[in-house]
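Descriptive structure summary
Chain by chain, the residues:
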Amino acid sequence: MEQTTHAPGKRGLSLRDMVLCSLFAALMAVCAWLTIPGEVPFTLQTFGVFAALVLLGGKRGTIAIALYLVLGAVGLPVFSGFRGGFGVLFGTTGGYIFGFLLSGLLYWVMTALLGNRPWVQLLALVLGMVLCYAAGTGWFLLVYLQKTGPISLGVVLAKCVIPFLLPDAAKLVLAWLLTHRLARFVPLSLIHIS
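Below is a summary of the structure that appears in this document. (Residues numbered from 1 in each chain as written. Predicted model: local features only at pLDDT ≥ 70, side-chain atom pairs only at ≥ 80, totals over all residues. Heavy atoms only, no water.)

So, the overall build of the protein chain
The secondary structure content of the protein chain amounts to seven helices and two strands. Along the chain direction, N to C, the helices and strands of the protein chain fall in the order α-β-β-α-α-α-α-α-α. Looking at the protein chain as a whole, 43% of its 194 residues qualify as buried. For the protein chain, long-range pairs separated by at least 24 residues make up 66% of all intrachain contacts whose partners lie at least 6 apart in sequence. Of the accessible surface of the protein chain, which amounts to about 10000 Å², a share of 75% is contributed by carbon and sulfur atoms. (Helix = DSSP H or I, 4+ residues; strand = E, 2+ residues; numbered from the N terminus. Buried < 20%, exposed > 50% of the residue type's maximum accessible area, 1.4 Å probe, protein only. Contact = heavy atoms within 4.5 Å. Areas by Shrake-Rupley, 256 points an atom, 1.4 Å probe, with all protein chains shown as cover.)

Listed below in structure tokens is the structure:
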């Protein structure tokens with residue numbers, strides 16, 4: 001019979017880790033479905049991303065984000081508007097979705113190098129959000145140029161970034177505060193902030 005846990009010192013994922021990553025990928029999908037439509041829809045996706053990173057840690061949080069992207073890529077309706085497939089990922093707003101993965105990787109690296117102190121977590125989330133905006137905006141410009149024609153950076157920022165700054169900052173702070181509050185009531189052996 002196959003073991004579901006790893007010996008001390010092993011770096012693989014346990015069954016519990018895989019279940020938690022799957023649950024948080026599902027949470028991101030549910031958060032994406034809570035949408036106010038628009039060219040770049042307002043969703044709670046970023047809340048799910050931030051919560052996964054803080055509660056699961058950099059490695060497992062990033063794996064949860066990657067799993068979420070894979071589920072969407074194969075066509076499951078996990079993105080905003082109950083959409084899925086490569087068309088969404090490679091559409092004008094797909095760079096923002098890929099930006100979630102970049103945010104996760106940055107969070108993982110920063111917390112691994114600087115420790116998992118609250119200020120490091122918060123800084124990593126903020127810089128991850130900036131990285132997500134940068135990747136998404138660059139991708140939007142590239143795809144829009146190919147599909148529609150020229151568009152200025154100012155117009156893209158006005159459509160895709162500026163309206164989201166305050167809501168995303170609020171979701172970031174809310175996710176950070178709630179996950180730290182939740183950690184007080186959930187045994188760290190189940191969900192470990194790492």
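A closer look at the environment of F42
Relative to the assigned elements, F42 resides in strand 2 (residues 42–43). Owing to a relative accessible area of 29%, F42 belongs among the partly exposed residues under this scheme. Sequence spacing of F42 and P167 is 125 residues, and the spatial spacing of their C-alpha atoms is 8.5 Å. Among residues more than four places away in sequence, those in contact with F42 are L34, T35, I36, P163, F164 and P167.

Re a nonpolar patch on the surface
A grouping of V109, L113, L114, W119, L123 and L127 is seen on the molecular surface, where their side chains present a nonpolar patch of about 570 Å² in accessible area. Mapped by element, the contributors of at least two residues to the nonpolar patch are helix 4 (94–114) and helix 5 (118–147). Assignment of secondary structure puts W119 in helix 5. A relative accessible area of 49% means that W119 is categorised as partly exposed. (Patch = residues over 30% accessible without salt bridge, like charges linked within 9 Å, V, L, I, M, F, W, Y side chains within 5 Å. Salt bridge = Lys/Arg side-chain N within 4 Å of Asp/Glu carboxyl O.)

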